[in-house]
Number of protein chains: 2
Amino acid sequence: MNRTRLDEHFADLDADGYLLDASQEDANQLYLSGFTGPDPFLTLYADGEVHVLVSGLEYGRAKSEATADTVERHADYDYEYGGREARSDMYAKFVRDKGVESVSMPPRGPVGTADALRERGIDVSVDTGDRLQEVRAVKTEEEVDAIREAQKANEAAMGAAEDLIAGADVAGEDAAGDVEPGVLLHEGEPLTSERVAEEIEVTLLRHGCALDETIVAGGAQAADPHDRGSGPLRANEAIIVDIFPRSKATKYNADMTRTFCVGEPSEALREWYDLTERALEAALDAVEPGATGEEVHTAACEVYEEAGEPTFRTDPETETGFIHSTGHGIGLDVHESPRLASGGEELEPGHVITVEPGLYDPEVGGVRIEDLVVVTADGYENLTEYPVRFAAE
Amino acid sequence: MNRTRLDEHFADLDADGYLLDASQEDANQLYLSGFTGPDPFLTLYADGEVHVLVSGLEYGRAKSEATADTVERHADYDYEYGGREARSDMYAKFVRDKGVESVSMPPRGPVGTADALRERGIDVSVDTGDRLQEVRAVKTEEEVDAIREAQKANEAAMGAAEDLIAGADVAGEDAAGDVEPGVLLHEGEPLTSERVAEEIEVTLLRHGCALDETIVAGGAQAADPHDRGSGPLRANEAIIVDIFPRSKATKYNADMTRTFCVGEPSEALREWYDLTERALEAALDAVEPGATGEEVHTAACEVYEEAGEPTFRTDPETETGFIHSTGHGIGLDVHESPRLASGGEELEPGHVITVEPGLYDPEVGGVRIEDLVVVTADGYENLTEYPVRFAAE
């Protein structure tokens, strides 16, 4: 955690304190408390100090793990196992004990807690700007190293996926059983999205990373940017592999996408790949401190627009073409500030961002190439070493 | 989803509609919408119908995947990419379009959305009872089958863990390098919690399950019920293995704990294991429709209390003894209703619950045994087939 940046961003807070009620799954909570509590707990920032309140079950671990200035437990406020009202009484007591009569909460803080504190006379406002997100957006060197480590695991997993795809046979006209010609085969069986995803996930686990989802989507499935992919993969189609692992030790994420093809892609796919590689380069060229996320997005869009491909700038309702933003910040969350999109904020040294242009159309397929970079004092450092190539090898 | 049960539980709702603003990570959202959206989206239950509102990027997948009655996208409410105020305007428009002027939200719904709707004249109240949790607590046969499948993967993973532990050598006085005598060895290297956890996780992946955390904790670490464990495992100590995988296909969870020992456990550990096995049996004997979660908890506590071990009933502040509840409901969340604890609610057929007594003391170690059962019309069915044994084999 960057304590100086934290204090700066809370200097103009229009409340006595800042309150989080969340488990470690909430990145703000993990960042501010430094504690991996599996159940929701309270963290209060007030007068430059961070205070954590946990259940007795978590107390020992919280005391040794949390980076907060104080750690207390429910019993310190005479709370035993009880209902919702007793719990809310304890929360109000904890907040007042720190001299706090008004708190600000992030937009996704729980309304149940907010309203319960209001009923107890504590003023609760919503920090619509989500200032902890802004604090988190600029990474310390230690945080960048954590992301770099996760990216190394990511590259190992991408290598395992590409090996499987490149090593596949292609079912011919005389394929056995009900296998369609053109289906990729691994050890005689159809190579499925699920099989490639399993290989990715096992590789990530062996490298200390976990993940919930992986995208391995071919053909028309690849034309839906959020389709995880399922069933047999085929030759001559574009196969999008998008991996976003999280380090189990540090909880920081990495993110990378490559698009592969076995056999002969259509002329359209080949053009799309070249265009997307150029859009990636144009966007990367635009990354530097002082440039805005919108400017980086514009650089990618212009490459596509000049080639006649639709974007949200030329047609806000288009369902084909470049139909997402150019990238996003990444850290404890896979998606966090800054956004590389319309309205995207100014880039600062220490921002870690993805740059990921792509083209989509169910008639053609999908192509996306995504690198992970950190903004530096004079440009950026690309944290991605994995080669960019369409033909799997 | 059990639609009849849903309608029954919403019949006495004191608002025109029930609103969720969450991603698929929220079990209420996944249950009510049937959609695995990775970013927060709105689901509104009103007049017996379920309405979903997603971004254009998710629209195609939501239409084919969601079990909701209607699926709409932001563009249907003239929202393009814009700021927070424009988004809140869209939300209010969507809610009013369904004839809704007042909504109830679950306690952990986002305060930002609640307050934004209030500012736009929509009455927002908090459903302190979290009625969707109550709906979800009773599983359909299909849901029980999904949990059963996840439990099969769990048993395969537990088998892999026990094999590693049982197959370990024990470092002797003449152990090489800086390996302490008594440390378990696997292929000549110290067998660590991390190594066993990795084996568990790879096995789960091969069986279609994912998970964020696994507990493999030996010695004093096992005395903290939420310690995930780290470093070398040792002979003559109790090793707690607690696995809670989630099926990637169905998103339903399973949960099981076993405690193993290699070598000779202390007399105290041996007694604890026997006591815990008896507490498990006593608690299971108490499981039937009409019994309360508190009664099941009492049955486990009494076994321990009669043997002189502290529980939260005899000493609310104890840090040793039986220091957690006897179990919890499980489904789309690992921890959900009902609770097997003080104040725990009445059991109903279709409740799927864990029963997991345990004893903890850093001086002795930790022992926990956990089965997964479904409440039936006349008792329960145990979904756990894994043997209960202390000596790893």
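If you're wondering where the values come from, they're calculated on a predicted model, not measured in any experiment.

**Student:** Requested: an account of the packing of helix α7 (residues 141–166) of chain B against helix α8 (residues 193–206) of chain B, with residues and values cited.
**Tutor:** Residue and element names in this part refer to chain B. Running from N to C, α7 and α8 cross one another at 150°; their axes reach a closest spacing of 8 Å. In terms of their interaxial angle, α7 and α8 are classed as roughly antiparallel. The crossing of α7 and α8 is right-handed. Contacts from A153, N154, A156, A157, A160, A161, L164 and I165 in α7 reach R195, V196, E199, I200, T203 and L204 in α8.

**Student:** Explain the pattern of salt bridges to me, using residue names and the numbers behind them.
**Tutor:** For side chains bearing opposite charge, pairing can occur when the charged atoms are close. All names here are of chain A. A complete count under the given rule lists 72 salt bridges over all chains for this structure. The salt bridge partner of E58 is R61, with a shortest N-O separation of 3.0 Å. Of this pair, E58 and R61 both sit in helix α3 (residues 56–65), 3 residues apart, roughly one helical turn. You can call E58 buried: its relative accessible area is 5%. Salt bridges sharing partners connect three or more residues here, namely E85, D89, E119 and R120.

**Student:** A description of the relation of the copies chain A and chain B should follow, citing residues and the corresponding values.
**Tutor:** Mapping chain A onto chain B leaves a residual RMSD of 0.0 Å; the transformation is a rotation of 180° accompanied by 0.0 Å of translation along its axis. Such a turn and shift between the copies fits a two-fold axis. Residue A:V111 of chain A places its C-alpha closer to the rotation axis than any other residue of that unit, at 2.1 Å. Looking at the interface residues of chain A, 98% of them are also at the interface in chain B, so both copies use one shared face.

**Student:** Before we move on, could you go through the interface of chain A and chain B and cite the residues and values that matter?
**Tutor:** The partner chain B presents 50 residues to the 50 residues of chain A that form the contact. Each partner contributes to the roughly 4,200 Å² buried at the junction of chain A and chain B, and carbon and sulfur atoms together form 49% of this total. Among the ionic pairs, B:E319 bridges to A:R73, the shortest N-O distance being 2.6 Å. Connecting chain A to chain B are 23 residue pairs in polar contact (both at pLDDT 80 or more). Only β1 (17–22), α3, α5 (111–119) and α8 (193–206) of chain A provide two or more residues apiece to the side of chain A that touches chain B. Here the side of chain A that touches chain B takes 7 residues from α8(A), the largest share from any one element. Residues of the side of chain A that touches chain B, tallied by class, amount to 18 nonpolar, 8 polar and 24 charged.

**Student:** Explain the nonpolar core residue by residue, including any values.
**Tutor:** In this structure, A:I165, A:L184, A:V196, A:I200 and A:V241 are the most contacted members of the largest nonpolar core, which totals 61 residues. Sorting elements by how many residues they give to this core places helix α7 (residues 141–166) of chain A first, with 10 residues. Of the residues that make up this core, three or more belong to each of domain 1 (3–136) and domain 2 (138–382) of chain A. Once residues within four sequence positions are removed from consideration, A:I200 is found in contact with A:A157, A:A161, A:T214, A:V216, A:V241 and A:I243. One finds A:V95, A:I122, A:V124 and B:V124 within the second-largest nonpolar core, a separate group that totals 41 residues.

**Student:** Any chance you could break down the sheet that holds strand β8 (residues 184–186) of chain A for me, citing the residues and the numbers?
**Tutor:** Residues and elements named next belong to chain A. One open sheet accounts for 3 strands, arranged β7-β8-β9; its pairing is antiparallel. Only two strands of the sheet have a single neighbouring strand rather than two, namely β7 (169–170) and β9 (189–190). The sheet contact formed by β7 and β8 spans 2 bridges and is antiparallel. Bridge pairing in β8 links V170 to L184.

**Student:** Could you give me a rundown of the side chain of A:R258, with the residues and numbers involved?
**Tutor:** Within the fold, A:R258 resides in strand β14 (residues 256–260). Excluding its chain neighbours within four sequence positions, the residues that come into contact with A:R258 are A:M158, A:I239, A:I240, A:V241, A:R368, A:I369, A:E370, A:D371, A:T384, A:Y386, A:P387 and A:V388.

**Student:** Can you tell me about the domain arrangement of chain A, naming the residues and giving the values?
**Tutor:** By a widely used convention, the size of an interface equals the accessible area lost when the partners come together. Residues and elements named next belong to chain A. On domain assignment, one finds that chain A holds domain 1 (3–136) and domain 2 (138–382). One C-alpha centre belongs to domain 1, the other to domain 2, and the line joining them spans 36 Å. The interface of domain 1 with domain 2 comprises 10 residues on the first partner and 12 residues on the second. Taken over both partners, the interface formed by domain 1 and domain 2 buries close to 910 Å², and the fraction arising from carbon and sulfur atoms is 42%. Considering only the surface of domain 1 that becomes buried against domain 2, R5, L30 and R136 emerge as the three largest contributors, covering 48% of it. Linking domain 1 with domain 2 are 3 salt bridges, by the criterion used here. Residue R136 is joined to D333 by a salt bridge in which the shortest nitrogen-to-oxygen separation is 3.2 Å. Applying the counting criterion to the domain 1 and domain 2 interface returns 6 residue pairs in polar contact (both at pLDDT 80 or more). Its residues assigned to classes, the side of domain 1 that touches domain 2 comprises 4 nonpolar, 3 polar and 3 charged.

Thresholds, definitions, all that
Residues numbered from 1 in each chain as written. Chains lettered and ligands numbered in written order. Predicted model: local features only at pLDDT ≥ 70, side-chain atom pairs only at ≥ 80, totals over all residues. Heavy atoms only, no water. Axes fitted to C-alpha atoms, helices over the stretch in contact; angles between N-to-C directions. Helix = DSSP H or I, 4+ residues; strand = E, 2+ residues; numbered from the N terminus. Parallel < 35°, antiparallel > 145°, perpendicular 65-115°, else oblique. Left-handed = near helix turned anticlockwise from the far one by under 90°. Contact = heavy atoms within 4.5 Å. Salt bridge = Lys/Arg side-chain N within 4 Å of Asp/Glu carboxyl O. Buried < 20%, exposed > 50% of the residue type's maximum accessible area, 1.4 Å probe, protein only. Least-squares fit on C-alpha atoms with pLDDT ≥ 70 in both. Buried area = accessible area lost by both parts, 1.4 Å probe. Polar contact = N/O pair within 3.5 Å; in protein donor to acceptor, adjacent residues only side chain to side chain. Nonpolar A, V, L, I, M, F, W, Y, C, P; charged D, E, K, R; others polar. Core = buried A, V, L, I, M, F, W, Y, C linked by side-chain atoms within 4.5 Å. Domains from an automatic or database assignment. Pairing = 2+ DSSP bridges.

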